[in-house]
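# Structural characterization, general
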Amino acid sequence: MQGWAAVAAVIAVVWVAGHWAVVWPVLVAVFAAVVIGGAGWAVLRAHRREVGQDRAWRAQEEARARELSMAEVDALSWQEFEVYVADLCRRDGCTKVVVSGKSGDLGADVVGYLADGRKLVVQCKKYAPHRSVSSQDMQKFVGTARLEHGADVALFVTTCRSFTKAALGLALRQDIVALHRDLLGSWVKGARLETLIPLNGSGDGTRRRPSA
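Time to look at the overall build of the chain. Check the secondary structure of the chain and you find seven helices and seven strands. Scanning the chain from its N terminus toward the C terminus, one meets helices and strands in the order α-α-α-β-β-β-β-α-β-β-α-β-α-α. With 212 residues in all, the chain has 35% of them scored as buried. Roughly 12800 Å² of accessible area belongs to the chain as shown, and the carbon and sulfur atoms make up 62% of that amount.

Pasting the structure below:
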């Protein structure tokens, strides 16, 4: 068997030598293809790495920009915060926007109508960033947003970073939009309210109140 392999090898060498003018361009082309392919793969990997790094940098910059804007929001009083939220609603096309501006408002700090006619009821909580919205806070809003105020879209907006697991679960079950600090920061930076409504809790008014 080894003898046949040696013979085959000799025949191959002789054939290549006899046809070198034909063989060498093929070898050069194959070698060039391997080199170019390797270089292309390296360039592609480097490009993907650069794109990933650029996306991470942009995300960091966007988060930093949101926090710079939120620093100004943090400086507001709770009354000023309610007025500010009402202004954001007006900016995004809401009409007949009214600010309660008082205690005992039964969870309706801001009331208005979206551009499509749905009634919007907003609960505003001006909390420190490290705090969380509790289940008790959410329960109070759930109990009044639709029964007392007839909300189609019920929005709970806060300056703190999170809702407790129980509060968020309640919001999801009861069709409440839960807008935490990061989403509020996006709103402040120009995101439209209608794009934020589906992001955290349904709350889109699809479960309409029965007709009177």
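Structure shown, so let's carry the discussion forward.
Before going further, it helps to spend a moment on the packing of helix α3 (residues 78-91) against helix α6 (residues 181-188). Helix-helix packing is described using two parameters, namely the angle between the two axes and the distance between the axes. At a minimum axis separation of 11 Å, α3 and α6 run at an interaxial angle of 55°. When the axis of α3 is compared with that of α6, the two are oblique. Crossing geometry of α3 relative to α6 is assigned as left-handed. Contact with α3, carried on its side by Phe81, Tyr84, Val85, Leu88, Cys89 and Arg91, involves Leu184, Trp187 and Val188 of α6 and no other residues of that element. Across the contact of α3 with α6, the residue classes break down as eight nonpolar, no polar and one charged.

Attention now moves to unusual backbone geometry. A positive phi angle, close to 50°, is found at Lys96, a residue other than glycine. Position of Lys96 relative to the elements: it lies in strand β1 (residues 95-99). Phi is positive for Asp175, which is not a glycine, with a value near 65°. On the secondary structure map, Asp175 appears in the loop between α5 (165-173) and β7 (176-179).

In this section: α3. Taking 1.5 Å per residue, 14 residues should reach 20 Å; α3 reaches 20 Å between its end C-alpha atoms and fits that length. Every buried residue of α3 is listed here: Phe81, Glu82, Val85, Ala86, Leu88 and Cys89. One side of α3 holds all its buried residues, which, seen down the axis, span an arc of 155°. Count one or two residues on from α3 and you reach Gly93, which has phi positive near 95°.

Soluble, globular proteins show a tendency: their nonpolar side chains are buried together. Judged by nonpolar contacts, the single largest core of 26 residues is most densely connected at Val85, Leu120 and Trp187. If you list the elements that add at least two residues to this core, you get α2 (20-74), α3, β3 (119-125), β5 (153-158), β7, α6 and α7 (193-196). Sorting elements by how many residues they give to this core places α3 first, with five residues. Setting aside its immediate chain neighbours within four residues, Trp187 contacts Val85, Leu88, Cys89, Arg91, Asp92, Leu155, Leu179, Leu193 and Leu196.

Within the open sheet, the five strands sit side by side as β1-β2-β3-β5-β7. Their pairing is mixed. Every other strand in the sheet has two partners, leaving β1 and β7 as the edge strands with one partner each. Taking each pair of neighbouring strands and ignoring which way they run, the sheet shows an average axis angle of 15°. Pairing geometry for β3 and β5, over six bridges, is parallel. The residue bridging Val121 from the neighbouring strand is Ala154, located in β5. Lying over the sheet, helix α4 (residues 135-145) contacts β3, β5 and β7, oriented at roughly 155° with respect to β5.

Parameters and conventions
- Residues numbered from 1 in each chain as written.
- Predicted model: local features only at pLDDT ≥ 70, side-chain atom pairs only at ≥ 80, totals over all residues.
- Heavy atoms only, no water.
- Helix = DSSP H or I, 4+ residues; strand = E, 2+ residues; numbered from the N terminus.
- Buried < 20%, exposed > 50% of the residue type's maximum accessible area, 1.4 Å probe, protein only.
- Areas by Shrake-Rupley, 256 points an atom, 1.4 Å probe, with all protein chains shown as cover.
- Axes fitted to C-alpha atoms, helices over the stretch in contact; angles between N-to-C directions.
- Parallel < 35°, antiparallel > 145°, perpendicular 65-115°, else oblique.
- Left-handed = near helix turned anticlockwise from the far one by under 90°.
- Contact = heavy atoms within 4.5 Å.
- Nonpolar A, V, L, I, M, F, W, Y, C, P; charged D, E, K, R; others polar.
- Expected span 1.5 Å × (residues − 1).
- Arc of directions from axis to C-beta.
- Core = buried A, V, L, I, M, F, W, Y, C linked by side-chain atoms within 4.5 Å.
- Pairing = 2+ DSSP bridges.

Shape is all these values report; function is a separate question.
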